[in-house]
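A closer look at the structure
Okay, here's what each chain looks like letter by letter:
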Amino acid sequence: MHVLLNQGLNRREKIKVREASIERKTNETDIALSMNIDGEGKSSIKTGVPFLEHMLDLFTKHGQFDLDIKANGDTEIDDHHTTEDIGICLGSVFKEALGDKKGIKRYGQAMVPMDDALAQVVVDLSNRPHFELKGDIPASQVGTFDTELVDEFLWKFALEARMNLHVIIHYGRNTHHIIEAVFKALGRALDEATMIDPRVKGVPSTKGML
């Protein structure tokens, strides 16, 4: 795994650029991923897993990130390895791009409706990985995508990003709508948590570090 970090100052805007990239190759997947936390909601995502691409596009748009993913995996077997490894890479890059966390809000939450479905995501960028998913995903598949992989992706993302991630599915009948609401809420919650609050001096913790 190779992570590149760019946190230099943008000379024109005099702000810190919070972006990072990673290249990770195993016998199962080959992934190149880059992320800019302070983006414009732009994405270029090619993974061989169409449903995951759709969800990550929504995540990027609603989080106002920029995200570029090129992934090749053993999808002839199933989508598990590719989905899991993208979660690992995204979490690693997110953590690196966030840097020392000085001035951030740290906490974020969002509740998003999608027709019949309502999902809530609450995050704490605490450097303590923990994941909870409460609620039901009715169908085992959406198209060819195994919906149990939503749990797998989110847990690996939270683990590598070293954050508390709580996902609550309040209700919903349509599986696509439920998962879509989750990914939109995830983007919006992280957008809030990563925002710079000018009132915050240093890191937002009495410990003095996160």
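Scroll up a little and you will see the structure.
Report on the accompanying structure. Quantities reported herein were computed from a predicted structural model and do not represent experimental measurements.

Our focus in this paragraph is the packing of helix 1 (residues 50–63) against helix 4 (residues 175–194). One way to put it is that helix 1 packs onto helix 4 with a least axis distance of 7 Å and a crossing angle of 35°. In this structure, helix 1 meets helix 4 at a crossing whose hand is right-handed. Contacts between helix 1 and helix 4 involve F51, H54, M55, L56, L58, F59, H62 and G63 from the former and H176, I179, E180, F183, K184, L186, G187, R188, L190 and D191 from the latter. Of the residues that constitute the contact of helix 1 with helix 4, the class distribution is 9 nonpolar, 5 polar and 4 charged.

A separate point is helix 4. Between its terminal C-alpha atoms helix 4 stretches 29 Å, which fits the 28 Å expected from 20 residues at 1.5 Å a residue. Of all 20 residues making up helix 4, 16 are buried, and the element is well covered by its neighbours. One side-chain oxygen at the N-terminal end of helix 4 lies 3.0 Å from the backbone nitrogen of H176; it belongs to N174.

Another point: helix 3 (residues 148–161). Over its 14 residues, helix 3 extends 20 Å from the first C-alpha to the last, a length consistent with the 20 Å expected when each residue adds 1.5 Å. After helix 3 finishes, the residue R162 shows a positive phi value of roughly 55°.

The subject of this paragraph is unusual backbone geometry. The residue R106 is not glycine, and still its phi comes out positive at about 80°. Inspection of the secondary structure assignment puts R106 in the loop between helix 2 (80–98) and strand 8 (107–114). The class of R106 is buried, set by a relative accessible area of 8%. If you check the backbone angles, N127 has positive phi at about 70° while not being a glycine.

Let us now look at the pattern of salt bridges. Overall, the coordinates contain 11 salt bridges when judged by the stated rule. Residue D85 pairs with R24 through a salt bridge whose shortest N-O separation is 3.2 Å. Placement of D85 in helix 2 and of R24 in strand 4 (residues 19–25) is noted, with a sequence separation of 61 residues between them. On the basis of relative accessibility, which here comes to 16%, the residue R24 falls in the buried class. For K70, the salt bridge identified is with D68, shortest N-O distance 3.2 Å. For D68, a relative accessible area of 24% gives the class partly exposed. Three or more residues are tied together by salt bridges with common partners; here these are E84, E152 and K156.

What counts as what
Residues numbered from 1 in each chain as written. Predicted model: local features only at pLDDT ≥ 70, side-chain atom pairs only at ≥ 80, totals over all residues. Heavy atoms only, no water. Axes fitted to C-alpha atoms, helices over the stretch in contact; angles between N-to-C directions. Helix = DSSP H or I, 4+ residues; strand = E, 2+ residues; numbered from the N terminus. Left-handed = near helix turned anticlockwise from the far one by under 90°. Contact = heavy atoms within 4.5 Å. Nonpolar A, V, L, I, M, F, W, Y, C, P; charged D, E, K, R; others polar. Expected span 1.5 Å × (residues − 1). Buried < 20%, exposed > 50% of the residue type's maximum accessible area, 1.4 Å probe, protein only. Polar contact = N/O pair within 3.5 Å; in protein donor to acceptor, adjacent residues only side chain to side chain. Salt bridge = Lys/Arg side-chain N within 4 Å of Asp/Glu carboxyl O.

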